[in-house]
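Okay, here's what each chain looks like letter by letter:
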Amino acid sequence: QVQLVGSGGGLVQTGGSLKLSCVASGRIFSINDMGWYRQAPGKQREWVATITAGGRTDYLDSVKGRFTISRDNAKNTVYLQMNSLKPEDTAVYYCTGCINRNDDWGQGTQVIVSS
């Protein structure tokens, strides 16, 4: 059984930074794409960023230049460095990973950006 556990959320002021982490554990044979989604109150979940196993990245337009996704394959971990945070970034952030050819989700970590 595979598990993704996200952490690093919290309360931060506008313009501040947070770094989210997500660790995959369990019986892991392969991890391909990893990424982050978020869901703001009253809104649908939206994709934020993806990183391939080879390190290629892609971002939601509204976070480009502010967020950086990275991964440590040796630690089965994906990160999301979030800078210049805005109130509209407030959401529950979920990590995802294509693990053993299955899409798995973390439990979500809350990010609140105060104005």
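Before reading on, note that the structure itself is shown above.
Here, residues in each chain are numbered from 1, in the same order as that chain's written sequence. For a predicted model such as this one, the threshold for reporting local features is a pLDDT of at least 70, and the threshold for listing and counting side-chain atom pairs is 80 or more; totals across whole chains, interfaces and linings nevertheless cover every residue. Each side-chain value is derived from all of the structure's non-hydrogen atoms; neither hydrogens nor water enter the calculation.

A. Fine view of unusual backbone geometry. The phi torsion at N76 lies on the positive side, around 50 degrees, for a residue other than glycine. Note on conventions: DSSP H or I runs of at least 4 residues are helices, E runs of at least 2 residues are strands, and numbering of each starts at the N terminus. Residue placement: N76 occurs in the loop between β7 (67-72) and β8 (77-82). Each residue gets one of three labels from its accessible area relative to the maximum for its type: buried under 20%, exposed over 50%, partly exposed in between, using a 1.4 Å probe on protein chains only. Classification of N76 by relative accessible area gives partly exposed; the value is 23%. Phi is positive for S84, close to 50 degrees, though the residue is something other than glycine. Relative to the elements of secondary structure, S84 occurs in the loop between β8 and β9 (91-99).

B. Seen up close, the sheet that holds β8. DSSP bridges decide pairing: two strands pair if at least two such bridges lie between them. Taking strand neighbours across the sheet as the criterion, the four strands line up as β1-β3-β8-β7 in an open arrangement whose pairing is antiparallel. Since the sheet does not close on itself, it has two edges, and those belong to β1 (2-7) and β7, each with one partner. Looking at each pair of strands side by side, their axes are set apart by 15 degrees on average, direction ignored. Pairing geometry for β7 and β8, over six bridges, is antiparallel. Across the sheet, residue I69 finds its bridge partner in β8, namely L80. Every axis in this analysis is a line fitted to C-alpha atoms, fitted for helices over the stretch in contact. Angles between the N-to-C directions lie between 0 and 180 degrees.

Geometric values such as these leave the question of function open.
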